Amino acid sequence: MKIIAGPASQLLASKVAQQLNTPPTICDYKRFPDGELYTRIRDDSIDDVTIIQSTPTDGDYIALLQLIDACEEAPTINVVIPYMGYARQDKVFNQGEPVSARAIARTINADRVFTVNIHEKSILEHFNADSFDLDASHLIGNHIRSMNLTDPLIISPDAGALEIAKSASADIGIPYEQLEKTRHSGESVTIAEKEIDVSGRDLILLDDMIATGGTMAESIRMLKEQGAADIYVACIHPVLARNAVVRLYNAGVKEIISTDTLEKPQSSISVAPLIADTLKSL
Ligand code: R5P
């Protein structure tokens, strides 16, 4: 099987290929003078393919479509989208809006699609392919286990992240708590006051993604006021848009921990074993 590394997942795809004992296929990505993307797979042998490409930007989404099209003659096309952009627009919130996640899913022409902790599982139904969501919460749990923490507590900052928090917590026997978030805009959220026994304890705030950092920053402030010791934030998808990193350190975070569904300096936990094991089991 050929492993094709999209431009947003070069390192992750290379690690997956390494675990499958196959060299990743070399591809070229560049821009035409008018800004359009040029993509070329430098291997025209006919074989099953797995394309690994996150889609944090519109350009990354176009690159994924180009790669799928370039593999048209492959007997089987697997597409792995570790982080799928637009997944948070999974329904019509206000009249006249598209279900952007559905619009994108419908364009993916493949035999199988794999996502990692997709924001909303119902999106999987919109792919015109067998679709599966891989769960990286256990990898985060293992990482937390390896940390030297004092009387730790895992905290989900909202109901949406509860399943991930519960799963990591169950793996390593660390208790969990949940906060209540209200979103006012893309950047502004409030976290309801909640008395939790955090005094002197190390906390791991765990969410599926950190985008602007607003959710985590507000949670950190409240928990610091209640006497928490070190506060770590962990997520599957480190979107970390704009000044999110600075916002988090300004709020007093000890460390930002994430997987490499998006390749950032904070991506210390690799989902490569999860993807490689899944591909081996096909
Ligand atoms: C939302 O439901 C997600 O699970 C995250 O809580 C959210 O995307 C985080 O966004 P931000 O970092 O901008 O607060």
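As a reminder, the structure under discussion sits directly above these lines.
What you see is a predicted model, and the numbers here were worked out from it, not measured in a lab. (Residues numbered from 1 in each chain as written. Predicted model: local features only at pLDDT ≥ 70, side-chain atom pairs only at ≥ 80, totals over all residues. Heavy atoms only, no water.)

Turning next to the pairing of strand β13 (residues 231–238). Among the 8 residues in β13, 8 count as buried, and that is most of the element. The pairing of strand β12 (residues 203–210) with β13 spans 7 bridges and is classified as parallel. From the neighbouring strand, M209 faces β13, where its bridge partner is H237. A crossover links β12 with its parallel partner β13, the connecting element being helix α6 (residues 214–225), and its sense is right-handed. (Buried < 20%, exposed > 50% of the residue type's maximum accessible area, 1.4 Å probe, protein only. Helix = DSSP H or I, 4+ residues; strand = E, 2+ residues; numbered from the N terminus. Pairing = 2+ DSSP bridges. Right-handed = clockwise from strand over helix to strand, strands pointing away.)

Neighbouring the ligand are 14 residues, the closest being D207, D208, A211, T212 and T215. R183 has a polar side-chain atom sitting 3.2 Å from an oxygen atom of the ligand. In isolation the ligand offers 370 Å² of accessible surface; the protein chains occlude 92% of this area. Listed by contribution, the elements that provide at least two residues to the shell around the ligand are β10 (181–183), β12 and α6. Per-element accounting of the shell around the ligand gives the leading share, 4 residues, to β12. For the shell around the ligand, the per-class residue count stands at 3 nonpolar, 5 polar and 6 charged. (Near = heavy atom within 4 Å. Polar contact = N/O pair within 3.5 Å; in protein donor to acceptor, adjacent residues only side chain to side chain. Areas by Shrake-Rupley, 256 points an atom, 1.4 Å probe, with all protein chains shown as cover. Nonpolar A, V, L, I, M, F, W, Y, C, P; charged D, E, K, R; others polar.)

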